[in-house]
Amino acid sequence: MEFQGADMMDDELQVYPHLDLDGSSSATLSRVRDWMRRSRSADDWTAAELVAAKGDTTVSVVLPARDEQATVGDIVATIRAELVEVVPLVDEILVVDSRSTDDTAQVAAAAGARVVHQDAVLPELPPLSGKGEALWKGLAAAEGDIIVFIDADLRNFAAHFVTGLVGPLLTDPGVVFVKGGYERPLITPDGVAHRGDGGRVTELVARPLINLYWPELAGFVQPLAGEYAARREVLERVPFVTEYGVELGLLIDLLDAEGLDAMTQVDLGSREHSHQSTPALGRMAAQIMLTAWSRLERQGRVVTPEPLNATLLQFDKEQHGRARVSDVSVAERPPLAAVLADLANVAPGAGDRA
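Report follows, based on the coordinates. Remember, predicted model here, so these are calculated numbers, not experimental data.

Here's the deal with a nonpolar patch on the surface
1) Next: Where nonpolar side chains cluster on the molecular surface, the patch consists of Leu-313, Phe-315 and Val-325 and spans about 330 Å² of accessible area.
2) Next: Along the chain, the position of Val-325 falls in strand 13 (residues 322-327).

Structure (structure tokens):
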């Protein structure tokens, strides 16, 4: 497994010299190219090598899960068998049950995970919804020095997803955040895999936004990947968008807080998961756009004289154009460290991790 993007970028600059529009854009492209050359592969480390490197560092794997009984058990069982029992790399497997209506919690617990219910973590706070909320609550409940986030709907999960993500963090003290990259096929209902056709929201929304406003992040192959890892103290210092904009928000905020050189990506091969409908992807795209806009406002790059409209009107083609209006607004949890400090000041002992 090896990213080809940096070398291909060299070729593109030769074939399309108009890309070198001015000194600024040329410098940014050069920086992205150099950064991509430092990308690694999950094959670069064995689990045994990482155990030797970890010392006293503890590793928590956190899976946000909502109605994922079909896949979460196999993921947990693989981590436990290969990275807990065979080699002691992972110290904690935590599943955050995000208000599931199926047997996600029971299946995860039976496979060997510690399961916490999203609303039971820091219950003194008003409950919020969304994937980012589950991730933030997972950070609050987990105990490790390194936090590894893995989506619970993966169909082809293997232990190298975890070893690849923690590899740079355990072997390079200058790295604070690692993003997973992979080839992402689109799996049709009949089981046929179409290579390169997955990640539609990434290609149609996130990547154009990143290249427009945060071109330093353009080298991330999968900027919306749900598989990433970071040092706890770094994650505790940044806010978490509670909905589907969480991954983009973290990239932008960590770029501001830590700089590009403290971030890296690792090739994890291929990722297969359940796909959402086109209308659902439209709602996800809207939340990502609102997240990007909030960061532009925060950075003083745009001024919004009136609040943005946070409703999305869609038409269902299978229902003869029947209209549906969805609330796509995004909330945000403040940095966890600040929240825990505030809770401790209000009531000693409050804010203890679940």
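Right, picking up where we left off after that structure.
A word on unusual backbone geometry
Trans peptide bonds make up the majority, and among non-glycine residues the majority have a negative phi.
1) Next: If you check the backbone angles, Asp-67 has positive phi at about 55° while not being a glycine.
2) Next: Within the secondary structure, Asp-67 is located in the loop between strand 2 (59-65) and helix 4 (72-86).
3) Next: For Leu-122, which is not glycine, the phi torsion reads 50° and is therefore positive.
4) Next: Within the secondary structure, Leu-122 sits in the loop between strand 4 (114-117) and helix 6 (131-141).

Some thoughts on the nonpolar core
A general tendency of soluble globular proteins is for nonpolar side chains to be buried together.
1) Next: Leu-122, Leu-217 and Phe-240 are the most contacted members of the largest nonpolar core, which totals 57 residues.
2) Next: When residues no more than four places from it in sequence are discounted, the contact partners of Phe-240 are Gly-132, Leu-135, Trp-136, Leu-139, Phe-149, Leu-235, Val-246, Leu-250, Ala-331, Glu-332 and Arg-333.

A closer look at helix 12 (residues 336-346)
1) Next: Within the span of helix 12, buried status applies to Leu-336, Val-339, Leu-340 and Leu-343. Projection of helix 12 onto a plane perpendicular to its axis shows the buried side chains occupying an angular sector of 95°, all on one side.
2) Next: In this fold, the buried residues of helix 12 make contact with helix 6.

Quick word on the packing of aromatic side chains
1) Next: Under the counting rule described, the total for this entry stands at five aromatic pairs.
2) Next: Between the aromatic rings of Phe-157 and Phe-161, the centroid separation amounts to 5.6 Å while the plane-to-plane angle is 45°, which identifies the pairing as tilted. Comparing Phe-157 with Phe-161 shows no difference in burial state: the two are buried.
3) Next: Arranged with centres 5.8 Å apart and planes meeting at 40°, the rings of Phe-177 and Tyr-228 form a pair that is tilted. Taken as a pair, Phe-177 in strand 6 (residues 177-183) and Tyr-228 in strand 9 (residues 228-231) lie far apart in primary sequence, 51 residues in all.
4) Next: Exposure remark for Tyr-228: the relative accessible area of 1% places this residue in the buried category.

Points about the pairing of strand 11 (residues 263-270)
1) Next: With six of eight residues buried, strand 11 lies mostly within the body of the structure.
2) Next: The pairing of strand 1 (residues 40-41) with strand 11 spans two bridges and is classified as parallel. Opposite Ser-41, over in strand 11, you have Asp-267 as the bridge partner.
3) Next: Here strand 6 pairs with strand 11 via six bridges, running parallel. Within strand 11, the residue paired with Gly-180 across the bridge is Val-266.

Focus: the packing of helix 4 against helix 5 (residues 104-111)
1) Next: Helix 5 packs onto helix 4 with a crossing angle of 20° between their chain directions and a minimal axis gap of 8 Å. One element, helix 4, and the other, helix 5, form an angle in the roughly parallel class. In the crossing of helix 4 with helix 5, the sense of the turn from one axis to the other is right-handed. Touching Val-72, Gly-73, Val-76, Ala-77 and Arg-80 of helix 4 are Thr-104, Val-107, Ala-108 and Ala-111, all from helix 5.
2) Next: Of the residues assigned to the contact of helix 4 with helix 5, the class counts are six nonpolar, two polar and one charged.

Things to note about the sheet that holds strand 6
What holds strands together in a sheet is hydrogen bonding between their backbones, with the strands either parallel or antiparallel.
1) Next: Strand order across the open sheet formed by eight strands is 1-11-6-9-5-2-3-4, with mixed pairing between neighbours. Since the sheet does not close on itself, it has two edges, and those belong to strand 1 and strand 4, each with one partner.
2) Next: Strands strand 2 and strand 3 (92-97) of the sheet are contacted by helix 4, whose axis makes an angle of about 165° with strand 3.
3) Next: Along the sheet face, helix 6 touches strand 2, strand 3, strand 4, strand 5 (146-149) and strand 9 and points at about 140° away from the line of strand 3.

Here's the deal with the packing of helix 8 (residues 200-213) against helix 11 (residues 278-298)
1) Next: In contact at an axis separation of 9 Å, helix 8 and helix 11 are set at 15° when each is read in the N-to-C sense. As summarised for this structure, helix 8 and helix 11 are arranged roughly parallel, according to the angle between their axes. Every pair of crossing elements has a handedness; the one defined by helix 8 and helix 11 is right-handed. Of the residues in helix 11, those touching helix 8 at Arg-200, Val-201, Val-205, Leu-209 and Tyr-213 are Thr-278, Leu-281, Met-284, Ala-285, Ile-288, Met-289, Ala-292 and Leu-296.

Comments concerning the pattern of salt bridges
1) Next: This structure, assessed with the given rule, holds 22 salt bridges.
2) Next: A salt bridge links Glu-133 to Arg-333, with the nearest nitrogen and oxygen atoms 2.8 Å apart. Of this pair, Glu-133 sits in helix 6 while Arg-333 is found in strand 14 (residues 332-333), placing the two residues 200 residues apart along the sequence.
3) Next: Note that Arg-271 is salt-bridged to Asp-153, the shortest N-O span being 3.9 Å. With Arg-271 in the loop between strand 11 and helix 11 and Asp-153 in the loop between strand 5 and helix 7 (160-171), this pair connects stretches of sequence that are 118 residues apart. Both residues of the pair, Arg-271 and Asp-153, belong to the buried class.

Observations concerning the pairing of strand 13
Each regular strand displays side chains that alternate between the two surfaces of the sheet.
1) Next: As paired elements, strand 12 (residues 311-316) and strand 13 share six bridges and run antiparallel to each other. Residue pairing for strand 13: Thr-311 is matched across the bridge by Asp-327.
2) Next: In this antiparallel pair of consecutive strands, strand 12 and strand 13, the connection spans five residues, and His-320 shows a positive phi of 55°.

Calculation rules
- For every chain, the first residue of its written sequence is number 1, and the numbers climb from 1 along that sequence.
- For a predicted model such as this one, the threshold for reporting local features is a pLDDT of at least 70, and the threshold for listing and counting side-chain atom pairs is 80 or more; totals across whole chains, interfaces and linings nevertheless cover every residue.
- Water and hydrogen atoms were dropped before computing side-chain values, which therefore reflect all heavy atoms in the structure.
- Residues enter patches when they are more than 30% accessible in relative terms and free of salt bridges; like-charged ones are connected within 9 Å and nonpolar ones (Val, Leu, Ile, Met, Phe, Trp, Tyr) within 5 Å.
- Computed with the Shrake-Rupley method and a 1.4 Å probe, the accessible areas treat only the protein chains shown as cover for residues.
- Here, a salt bridge means any side-chain nitrogen of Lys or Arg that lies within 4 Å of a carboxyl oxygen of Asp or Glu.
- Counting from the N terminus, the helices are the DSSP runs of H or I reaching at least four residues and the strands are the DSSP runs of E reaching at least two.
- We define the nonpolar core as a collection of buried residues of types Ala, Val, Leu, Ile, Met, Phe, Trp, Tyr and Cys that are connected through side-chain atoms lying within 4.5 Å of one another.
- Three exposure classes are used, based on accessible area relative to the maximum for each residue type with a 1.4 Å probe and protein chains only: buried under 20%, partly exposed in between, and exposed over 50%.
- Only heavy atoms enter the contact rule, under which two residues are in contact if any of them lie within 4.5 Å.
- This arc is built from the directions going out from the helix axis to the C-beta atoms.
- Aromatic rings from Phe, Tyr and Trp, taking only the six-membered ring of Trp, are treated as a pair when their centres fall within 6.5 Å; an angle between ring planes under 30 degrees marks them as stacked, one over 60 as edge-to-face, and anything in between as tilted.
- Only strands that DSSP links by at least two bridges are regarded as paired with each other.
- Lines fitted to the C-alpha atoms define the axes, with helices restricted to the stretch that makes contact. Angles between their N-to-C directions range from 0 to 180 degrees.
- Reported orientations rely on four angle classes, namely roughly parallel under 35 degrees, roughly antiparallel over 145, roughly perpendicular from 65 to 115, and oblique for the rest.
- By the definition used in this description, the sense in which the near helix is turned from the far one sets the handedness, with an anticlockwise turn below a right angle giving left-handed and a clockwise turn giving right-handed.
- Three classes are used: nonpolar for Ala, Val, Leu, Ile, Met, Phe, Trp, Tyr, Cys and Pro, charged for Asp, Glu, Lys and Arg, and polar for all others, with Gly counted as polar.

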